[in-house]
Structure formats: C-alpha cells, structure tokens
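Analysis of the macromolecular model
These are the residues of each chain, in order.
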Amino acid sequence: MKKFLKISGIILAVIVAVMVVVPMVLSGKIGEIVKREANAMLNAKVEFSSLDVSLFRRFPSVSVSLNDLSVVGVERFEGEKLVAAERIDVAVNLLSLFGDSFTISKVWLERPQINAIVTEDGAVNWDIVKPSDEPQSAEESPAEEPTAVAEEEPSSMHLSIRSVRIIEGALSYRDLKERVEFRVAPLSIALSGDLSAEQTLLRTDLSAGGITFVSGDSSFASGLEAALQADIAADLKRNRYTLTDSRLTVNSVGALVNGWVQMEGDDLLTDITLDCSNNDFRNILSLVPAFYTKDFKRLTASGNVSLTAAVKGRLTADTYPAFDVVLTVADGAFQYADLPKGVTGIVLD
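Residues numbered from 1 in each chain as written. Predicted model: local features only at pLDDT ≥ 70, side-chain atom pairs only at ≥ 80, totals over all residues. Heavy atoms only, no water.

**A look at the pattern of salt bridges**
Tallying each qualifying case throughout the model produces 15 salt bridges. Residue Glu181 is joined to Arg183 by a salt bridge in which the shortest nitrogen-to-oxygen separation is 2.5 Å. For Arg298, the salt bridge identified is with Asp338, shortest N-O distance 3.2 Å. On the criterion of sequence distance, the pair formed by Arg298 in the loop between α2 (281–285) and β15 (299–315) and Asp338 in the loop between β16 (322–336) and β17 (343–348) is long-range, its members being 40 residues apart. Three or more residues are tied together by salt bridges with common partners; here these are Glu86, Arg111 and Glu168. (Salt bridge = Lys/Arg side-chain N within 4 Å of Asp/Glu carboxyl O. Helix = DSSP H or I, 4+ residues; strand = E, 2+ residues; numbered from the N terminus.)

Right, here's the structure in full:
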C-alpha cells in the first residue's frame, strides 16, 4: 500500500511539474511567433511585454494572457496609438480543445484603449491589414458563365464565448473631415451569454463616464455619466437586439427602455421608447452641465415633471431616424444649500 501511494505521489508530482514547466517554456516561443506574424500581416507596429499560458490560473480552463499590448500606426499615422491594453486574459475550456466545439469561457480586457481617427482626406487609422500580394491565377479567375456553384459544407468547428468583461476602458473617435469627436472614459462592461448561438439572452451591465460628443461648433454632451442594466434578447443571425424594461441612467435621470435595434448592412434600424416617468426636477437639472458639478449634491429642487422619448427609423450615412422628446415642467424651483434664495416659478414645455 505504501509503495502504491509513493508511486501515485510521484506520478502526481510529475503531472503537476509538467503543467507548470511546459507553459513556461512554450509561452516565450509562442509570444515571439505571435508578434512576428502580427507585424508581418499589419501596417502597424505590434508590441506586448509577454504572452503567458497557465493551466492553473483559471483551472479547469487554460488561461492565455497578453500583457501591455500596443498597436501603433506607421507612415502617415506614425506614433498614433490605435489599440492598447494593460492585460487581455482569455480562458479556454480545456476539454473543448479535444472536440469540435471550441469554448472560450471568459474574456477579460483590463484598461483597453481604442483611438480611431479619420483624416481630412478620409483616410482612417484602423485600415491596417496589408493587402494580399498573391496574383490571381487564370484557373482562379471567375468564369464568364459559371455553370454551377458548389455549396460549401458548413464547418463542424464552432466558437463559443460565454462571458466578456471590459474593465476601465477608453474609447476615442475623431473625424477631422466631418469635425466630429466622441470620447468615453472610463468604460466598463460585463456581458454574459452564448455568443455562438443564433438566439441568446445577453445579460449586460455597462457603466460609462466622461461621455463627450462634439459636432462642428456644437457640443451635445460633455462629461456625461451613463449606466445600463439590461437582459437583451439577441437574434445574432439577424443582428436584432430586443430590450424589455431595461434600466438606463444618464447622470441622475433614469429611464426604462423598451424596443429593438437591428443592423442591416451598414444601416441601423431602431424602434426604441424611453419611459422617464419616475424622475423629478432635480434629476432633469443633472443633464445641464452647469448644474451637474461637485455642488450638485447640495442642490434641492421641486416641481411637476413629465419626460418621454422615442426613436424610430433608419440610421444611415445620410439620414437619421425620427425622434421625439417631450419635456414639461410646472412650478419648478431649485436652491443651493449655501445660498439665501433660490429660483422659483420655472415653467418649461
């Protein structure tokens, strides 16, 4: 019995040693290959400090981590950072590696940054994939009158992602041609659901700060804070997403969101209504940048408020959907705690 236990202990120790040593040995070589191939395929400079493989960090899943990633532009976008992340961690179900259903259980992105730029002549900094330089042979050229088209058999391999988490991300978009700028930071998202299924329920928890949107000389948002808690019925085959009684908060204004959005090619179709009935005048004032400052917590307000909103139609490069916002305020009043008098008799329609 002692001999059996000793042999079992030795075998277990060898297995553990292999699980520790093999990823350590392979990580450096895999990292070199990934970096070399990425730089060969992209018109950009790809760097990361390390690529780590671990069988223990997310056991029983295999963990693959990329640390200090940066994708920096070259040529006319020299020095412009397109993508960066302190850490990208992917957990792959170990048993799925031996089947035809490749399951990524979780994806973490810590402090990712995306910086998108459109120049005045229309060039974009995210067009970084090098074109193929392989000439098309005569045999590969399409026939003028094809007699039949062979249908490709669907692949038996499918990728399943269960959970995505973005922690304190940042997004920046600058269109110098149209004079449009959008920024949001920090941005945190927790998303769970089967992203490989044709239909699934996506549980979503999103928070965003510093939301800024400028078009031309007009500022439509400056430093807004927003949060969304939603269970989204997703039809991933049709790219249609339905929201039912989802909770949206912008600064202090809360709304129940119902309706759907759908991607159709490059167009976005939408039919969304917002029920903002549970708001008071103080909440409405939070949308005004001059009020929503560090002194906002010392502001008292009163008044009868009604707020509804809806968006319906198609968003394209040249058209906007129809939208309707109705706000009424009666007998509105507000006062700061350290001021002797407030403002009364506010009416808005």
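From this point, the discussion proceeds with the structure in view.
**Thoughts on the side chain of Ser63**
Looking at where Ser63 falls in the secondary structure, it is placed in strand β3 (residues 61–73). Looking at Ser63, its side chain comes within polar contact range of the side chain of Asp89, at 2.8 Å. (Polar contact = N/O pair within 3.5 Å; in protein donor to acceptor, adjacent residues only side chain to side chain.)

**Regarding the environment of Ser286**
Mapped onto the fold, Ser286 is located in the loop between α2 and β15. Measuring from C-alpha to C-alpha, the distance between Ser286 and Ser252 comes to 5.8 Å, with 34 residues separating the pair along the chain. Each residue touching Ser286, except ones within four places of it in the same chain, is listed here: Val250, Asn251, Ser252, Val253, Tyr292 and Phe296. A polar contact of 3.0 Å, which involves the side chain of Ser286, links it to the backbone nitrogen of Ser252. One polar contact links the side chain of Ser286 to the main-chain carbonyl oxygen of Asn283, over a distance of 2.6 Å. (Contact = heavy atoms within 4.5 Å.)

**Quick notes on the pairing of β15**
Alignment of strand β14 (residues 267–275) against β15, held across eight bridges, turns out to be antiparallel. Bridging across to β15, Leu269 finds its partner in Arg314. By the bridge criterion, 13 bridges tie β15 to β16 in an arrangement that is antiparallel. Within β16, the position partnered with Ser302 by the bridge is Ala333. Once β15 ends, the chain turns through six residues before running back antiparallel as β16. (Pairing = 2+ DSSP bridges.)

**A few points about the packing of aromatic side chains**
For the coordinates displayed, the defined rule picks out three aromatic pairs. The interplanar angle of 35 degrees and the centroid separation of 5.7 Å between the aromatic rings of Phe213 and Phe220 together place this pair among those described as tilted. Its relative accessible area of 58% is what places Phe220 among the exposed residues. On the basis of an interplanar angle of 85 degrees and a centroid distance of 5.0 Å, the ring pair of Phe291 and Phe334 is categorised as edge-to-face. You can see Phe291 sitting in the loop between α2 and β15 and its partner Phe334 sitting in strand β16, a full 43 residues away along the chain. Each of the two residues, Phe291 as well as Phe334, counts as buried. Between Arg240 and the ring centre of Trp260, over which it is positioned, the NZ or CZ distance is 3.8 Å. (Phe/Tyr/Trp six-rings, centres within 6.5 Å; stacked < 30°, edge-to-face > 60°. Buried < 20%, exposed > 50% of the residue type's maximum accessible area, 1.4 Å probe, protein only. Lys NZ or Arg CZ within 6 Å of the ring centre and 35° of its normal.)

**Topic: the side chain of Thr204**
Its place among the elements puts Thr204 in strand β10 (residues 199–215). Within the local environment of Thr204, its side chain forms a polar contact with the backbone oxygen of Leu202, the two atoms lying 3.5 Å apart. When sequence neighbours within four positions are dropped, the list of residues in contact with Thr204 reads Ala190, Leu191, Leu228, Gln229, Ala230 and Ile232.

**Some thoughts on the nonpolar core**
Formed by 14 residues in total, the largest nonpolar core has its most connected members in Phe281, Ile284, Leu285, Phe291, Leu299 and Phe334. Elements represented by at least two residues in this core include exactly β13 (253–264), α2, β15 and β16. Residues contacting Phe281, with those up to four places away along its chain left out, are Ala301, Ser302, Gly303, Val305, Val329, Gly332, Ala333, Phe334 and Ile346. (Core = buried A, V, L, I, M, F, W, Y, C linked by side-chain atoms within 4.5 Å.)

**Some details on unusual backbone geometry**
Residues Ala185 and Pro186 are joined by a peptide bond in cis, for which omega reads 0 degrees. Structurally, Pro186 can be placed in strand β9 (residues 180–192). The phi torsion at Glu75 lies on the positive side, around 55 degrees, for a residue other than glycine. Tracing the sequence through the fold places Glu75 in the loop between β3 and β4 (81–93).

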